[in-house]
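# Secondary and tertiary structure notes
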Amino acid sequence: MKIAISAQGNTFESPIDPRFGRAKQFIVFENEGENIHTIDNSINLNAMQGAGIQTAQRMANEGVQVIITGHIGPKAFTVLQKAGIKIVTGAFGTCRESYLAYKEGRLHATSGPTNEGHSF
Amino acid sequence: MLTIAIASGKGGTGKTTVAVNLAMVFNKSTVLADCDVEEPNVHLFLRPEWKFEEPVTIPVPEFDKNLCTGQARCREACRFNAIVVLGDSPLLFPELCHSCGACTRACPEQAITEIPRLIGKLNQGQSRSIDVIMGTLNIGEARSSPIIQQVRARASSFDSEICLIDAPPGTTCPVVESVRDVDYVVLVTEPTPFGYHDLTLAIDMCKQMNLKFGVVLNRSHDGNEKKILTFLEKQKVPILAQIPFSFDIATIVSNGELLTEANPEYHKLFSTLAKNIELEVHS
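Cut-offs used in this document
Residues numbered from 1 in each chain as written. Chains lettered and ligands numbered in written order. Predicted model: local features only at pLDDT ≥ 70, side-chain atom pairs only at ≥ 80, totals over all residues. Heavy atoms only, no water. Salt bridge = Lys/Arg side-chain N within 4 Å of Asp/Glu carboxyl O. Buried < 20%, exposed > 50% of the residue type's maximum accessible area, 1.4 Å probe, protein only. Helix = DSSP H or I, 4+ residues; strand = E, 2+ residues; numbered from the N terminus. 1 Å grid on protein atoms, 1.4 Å probe; cavity = no way out; pocket = protein on both sides within 12 Å on 5 of 7 lines; lining within 4 Å. Points joined across faces, edges and corners; volume = space filled by probe spheres on them. Contact = heavy atoms within 4.5 Å. Buried area = accessible area lost by both parts, 1.4 Å probe. Polar contact = N/O pair within 3.5 Å; in protein donor to acceptor, adjacent residues only side chain to side chain. Nonpolar A, V, L, I, M, F, W, Y, C, P; charged D, E, K, R; others polar. Phe/Tyr/Trp six-rings, centres within 6.5 Å; stacked < 30°, edge-to-face > 60°. Axes fitted to C-alpha atoms, helices over the stretch in contact; angles between N-to-C directions. Parallel < 35°, antiparallel > 145°, perpendicular 65-115°, else oblique. Left-handed = near helix turned anticlockwise from the far one by under 90°. Pairing = 2+ DSSP bridges. Expected span 1.5 Å × (residues − 1). Arc of directions from axis to C-beta. Core = buried A, V, L, I, M, F, W, Y, C linked by side-chain atoms within 4.5 Å.

With that settled, the discussion passes to the pattern of salt bridges. Throughout the structure, instances matching the rule amount to eleven salt bridges over all chains. Here R106 of chain A ties to E104 of chain A by a salt bridge, and the two come within 2.8 Å at their closest N and O atoms. Given the relative accessible area of 52%, E104 of chain A is considered exposed. Between E141 of chain B and R117 of chain B there is a salt bridge, with the nearest N and O atoms lying 3.0 Å from each other. Of this pair, E141 of chain B sits in the loop between β7 (130-137) and α5 (145-156) while R117 of chain B sits in strand β6 (residues 112-127); the two residues are 24 residues apart in sequence, bridging distant segments of the chain. Accessibility expressed as a relative area gives 18% for R117 of chain B, which makes it buried.

This is the structure we're talking about:
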């Protein structure tokens, strides 16, 4: 299972980034915490538009199966859903705290976008 | 054709009031283009008889899934982030597309054709002796520039001596599109802190675009206009007219009537404005 968490830093102890498309980094790990690496998302952080869409594309290209983030907009949601990626929202605190909350069933997958879209 | 844009910076300063009344006083054949396509309002004052309506579309890519091999060159070419490719199935977010055509050119399989997407409409009509063109952007659409271009192209196709453009407020892309290459810009402002601040932005825009411009000070009354007038004098910006702050004017405008028709005194005010503009254009 490949899981990605939107983060403000590059370790498991970094605070999560509640934004998906404009998250600075993603902490990616497989097999219960082995094989942790980061994805630098600054290209989308600085995109003039379509940040959520292209971040979702990147997650699909990386073979991510679960996203843990704060909120998700309608366009990113559409792409992630088409790519068959599970979207868990409501992340809080550090990446570790959010990961544990998900594992313990305190954070759930969303069935729709949690934010309104931005025109640009 | 002499093309004059009426712009402002701050919204609600009286662009449309100036545009519709100015259209009445040139004594020359005049076409008035309402380029404030997100909220066109020239028609509220001129009540034109509409002659026809046409759709405004922009080209967007359509993917032939039988030809696509999923190389995602279209996605890489799109600088507007409007395309994703999952497996060998491209997906377009049309509201982000700027119709640049880069994806169509980049596709190695010729799997992309461009199809029209409706974003709004253009109306053409007449009021008194004035030809009126109006653009309307559909609700929820983000890009108004293509409609403004179509409205301006239509207005330019007339044989009129004067073309007036009622621009949207602000200094962003739609305004730039509305004032690009005009012969003169009339900046309408009001003596408030916001009016003053946004006027300075509009002046910067005109200077960067190498456009000739002058200012109409609306809602001008004793004392409060001094700061703006001093600023304009210092900057050597021509003051074309001052419209007084009056209950009478507010009432006429609120009733959707033309100031030039309601009172000969106001007709004179706008005639003087027209003369001042023509003098400035040729100076």
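Alright, that's what it looks like, and here's the rest.
Residues and elements named next belong to chain B. There is about 350 Å³ of room inside the second largest pocket. Around the second largest pocket sit 20 residues that line it, and G12, T13, G14, T17 and R219 are the ones nearest its centre. When contributions to the lining of the second largest pocket are tallied by element, the ones reaching two or more residues are α1 (15-23), β10 (213-220), β11 (239-244) and α9 (247-254).

Moving on, we come to the interface of chain A and chain B. Many analyses report the size of an interface as the accessible area lost when the parts associate. In this assembly, 16 residues from chain A lie in contact with 16 residues from chain B. It is Q49, Q54 and Q57 of chain A in chain A that bury the most area against chain B; as a group they hold 37% of the surface buried on that side. On inspection of chain A and its partner chain B, the count reaches zero salt bridges. If you look at where chain A meets chain B, you find eight residue pairs in polar contact (both at pLDDT 80 or more). Secondary structure elements with two or more residues in the side of chain A that touches chain B: α2 (51-61) and α3 (74-82) of chain A. No other element matches α2 of chain A, which puts five residues into the side of chain A that touches chain B. When its residues are assigned to classes, the side of chain A that touches chain B shows seven nonpolar, seven polar and two charged.

Residues and elements named next belong to chain A. Taken as a whole, this structure holds five aromatic pairs over all chains when the rule is applied. Here the aromatic rings of F12 and F29 are separated by 5.2 Å at their centres, their planes lie at 80°, and the arrangement is edge-to-face. One end of the pair, F12, is in the loop between β1 (2-7) and β2 (25-30); the other, F29, is in strand β2, and 17 residues separate them in sequence. Exposure class is identical for F12 and F29. Each is buried. An aromatic cluster of at least three residues, connected via ring pairs, comprises F12, F29 and Y99.

Residues and elements named next belong to chain B. Where helix α7 (residues 193-208) contacts helix α8 (residues 226-234), the axes come no closer than 11 Å and their chain directions differ by 20°. As summarised for this structure, α7 and α8 are arranged roughly parallel, according to the angle between their axes. Between α7 and α8 lies a crossing whose hand is right-handed. For the pair formed by α7 and α8, the contact residues are Y196, L199, T200 and I203 on the first element and K227, I228, F231 and L232 on the second. A class-by-class count of the residues in the contact of α7 with α8 yields six nonpolar, one polar and one charged.

Residue and element names in this part refer to chain A. Two strands pair when backbone bridges link them, and β2 and strand β3 (residues 34-40) are joined in this way by five bridges, in the antiparallel orientation. Along β3, the bridge assignment pairs F26 with I39. Remark: three residues form the turn of the hairpin made by β2 and β3, two consecutive strands paired antiparallel; N31 in that turn has positive phi of roughly 50°.

Residue and element names in this part refer to chain B. Tracing the backbone shows K10 in the loop between β1 (2-7) and α1. In this structure K10 comes out as buried when scored by relative accessible area, which is 19%. Among the polar contacts listed, one links the side chain of K10 to the side chain of E190, at a separation of 3.3 Å. If sequence neighbours within four positions are ignored, K10 has contacts with K15, P169, E190, T192, F194, G195 and D198.

Attention shifts here to helix α11 (residues 264-281) of chain B. Residue and element names in this part refer to chain B. Under the 1.5 Å per step criterion, the end-to-end length of α11 is 26 Å for 18 residues, consistent within 8% with the ideal 26 Å. Those residues of α11 lying buried are Y266, F270, S271, L273, A274, I277, E278 and V281. Across the axial projection of α11, the buried residues extend over an arc of 155°, all falling on one side. Of the exposed residues in α11, those oriented more than 90 degrees away from the buried face are P264, E265, K268, K275 and L279. With a side-chain oxygen lying 2.8 Å from the backbone nitrogen of E265, the N-terminal cap of α11 falls on N263.

On to the environment of E54 of chain B. Structurally, E54 of chain B is set in strand β3 (residues 49-63). With residues near it in sequence (within four places) discarded, E54 of chain B still touches K121, L122, Q150 and R154 of chain B.

F20, M59 and L80 of chain A together with V185 and L187 of chain B are the most contacted members of the largest nonpolar core, which has 78 residues in total. The element that contributes the greatest number of residues to this core is α7 of chain B, accounting for five residues. Contact partners of M59 of chain A, with chain neighbours within four places excluded, come to A4, F20, F26, I39, V64, I67, L80 and I85 of chain A. Residues I6, V186, L259 and L273 of chain B belong to the second largest nonpolar core, which totals 36 residues.

Moving on to α5 of chain B. Under the 1.5 Å per step criterion, the end-to-end length of α5 of chain B is 16 Å for twelve residues, consistent within 8% with the ideal 16 Å. When we look at burial in α5 of chain B, the residues that qualify are S145, P146, I147, I148, V151, R152, R154 and A155 of chain B.

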